[in-house]
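# Coordinate analysis (summary)
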Amino acid sequence: MKLAEVLELSKELIQLNSEKLKLSEKWEIKKTFEATKQHSEDFEKLRNEALEKYGVLADDKKSYSFPEKGSLENFNTEVSELLNKEIEIKSNISFEKIDDLETEYPYDKIHLLR
């Protein structure tokens, strides 16, 4: 799966962990979440490095501008390439239990682990 999907999967795992499941199932969700969390943290670190490389931190210390010609395009290109990296996440989550959940939350990305 692509890194962009892993980032979305991380959010789904947080929601899934709040469902009524057995402890052993929650264990598998937690272990899978830890793997996705590490990828999310690594992505944020590299994204911030790219922001510093191509952008200029605004006075509010919260946002960046890209005053140099091509800097925004270069930033977007590098981040897009990173988000399209193929990532392998191993999981022992029981998909039968997830399929049987009666919930309104759409678990779309978790099925990429099958």
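Read on for an overview of the structure. Position numbers for residues start from 1 in each chain and track the written sequence from start to end. For this predicted model, a pLDDT threshold of at least 70 governs which residues receive local features, and a threshold of 80 or more governs which side-chain atom pairs are given and counted, while totals over whole chains, interfaces and linings are taken from all residues. The basis for the side-chain values is all heavy atoms of the structure; hydrogens and waters are excluded.

### Structural notes on the overall build of the protein
- The helix count covers DSSP runs of H or I at least four residues long, the strand count covers runs of E at least two residues long, and both are numbered beginning at the N terminus. Counting its regular elements, the protein contains four helices and two strands.
- Secondary structure elements of the protein, listed N to C terminal, follow the sequence α-α-β-β-α-α.
- Taking 2.2 N^0.38 as the reference for a compact globule, 114 residues should give roughly 13 Å; the C-alpha atoms of the protein span a radius of gyration of 18 Å, well beyond that estimate.
- Referenced to the eigenvectors of the C-alpha coordinate spread, the extents of the protein come out at roughly 55 × 30 × 25 Å. We compute the radius of gyration over the C-alpha atoms and compare it with the globule rule, which gives 2.2 Å times the number of residues raised to the power 0.38.

### Looking at the packing of aromatic side chains
- Stacked, tilted and edge-to-face are the three classes assigned to paired rings of Phe, Tyr and Trp, where Trp is represented by its six-membered ring and a pair needs centres within 6.5 Å; plane angles under 30 degrees give stacked, over 60 edge-to-face, the rest tilted. On inspection of all chains with the given rule, the structure shows one aromatic pair.
- Their ring planes at 35° and their centres at 5.3 Å tell us that Phe66 and Phe75 sit as a pair that is tilted.

### Quick look at the nonpolar core
- By nonpolar core is meant a set of buried Ala, Val, Leu, Ile, Met, Phe, Trp, Tyr and Cys residues that side-chain atoms within 4.5 Å join together. Residue burial is assigned from relative accessible area. The probe radius is 1.4 Å, only protein chains are included, and a residue is buried under 20% of its type maximum, exposed over 50%, and partly exposed in between. With 24 residues, the main nonpolar core has Leu16, Ile93, Ile110 and Leu113 as its most contacted residues.
- Elements represented by at least two residues in this core include exactly helix H1 (3-17), helix H2 (23-54), helix H3 (71-83) and helix H4 (95-100).
- Tallying contributions element by element places H1 first for this core, with six residues.
- We call two residues in contact whenever any of their non-hydrogen atoms come within 4.5 Å of each other. Other than its neighbours up to four places away in sequence, Leu113 contacts Met1, Leu9, Thr32, Ile89, Ser91, Ile93 and Phe95.

### Digging into the packing of H2 against H3
- Comment: axis = line fitted to C-alpha atoms, over the contacting stretch for helices; angle = value between 0 and 180 degrees taken between N-to-C directions. Taken N-terminus to C-terminus, the directions of H2 and H3 make an angle of 165°; their axes are 9 Å apart at the nearest point. Taken together, the axes of H2 and H3 lie roughly antiparallel to each other. Judged by the sense of rotation from one axis to the other, the crossing of H2 with H3 is right-handed. When H2 is examined against H3, the residues Phe43, Leu46, Arg47, Ala50, Leu51, Lys53 and Tyr54 are found in contact with a partner set consisting of Ser71, Asn74, Phe75, Glu78, Val79, Leu82 and Leu83.
- In the scheme used here, Gly and all other residues not listed as nonpolar or charged are polar, with Ala, Val, Leu, Ile, Met, Phe, Trp, Tyr, Cys and Pro taken as nonpolar and Asp, Glu, Lys and Arg as charged. Residues of the contact of H2 with H3, tallied by class, amount to nine nonpolar, two polar and three charged. Oblique is the label for every angle not falling under 35 degrees (roughly parallel), over 145 degrees (roughly antiparallel), or within 65 to 115 degrees (roughly perpendicular). Two helices cross in a left-handed way if the nearer one is turned anticlockwise from the farther one by less than a right angle. They cross in a right-handed way if the turn is clockwise.

### Examining H3
- Expected helix span is taken as 1.5 Å per residue step, with the number of steps being one fewer than the number of residues. Here H3 contains 13 residues, and its C-alpha end-to-end distance of 18 Å stays within 8% of the 18 Å for a straight helix at 1.5 Å per residue.
- Where H3 is concerned, the buried positions are Ser71, Phe75 and Val79. The buried side chains of H3 occupy one side of the element, clustering within an arc of 60° when seen end-on.
- In the core, the buried residues of H3 are packed alongside H2. Taken from the helix axis, the directions to the C-beta atoms give the arc we talk about.

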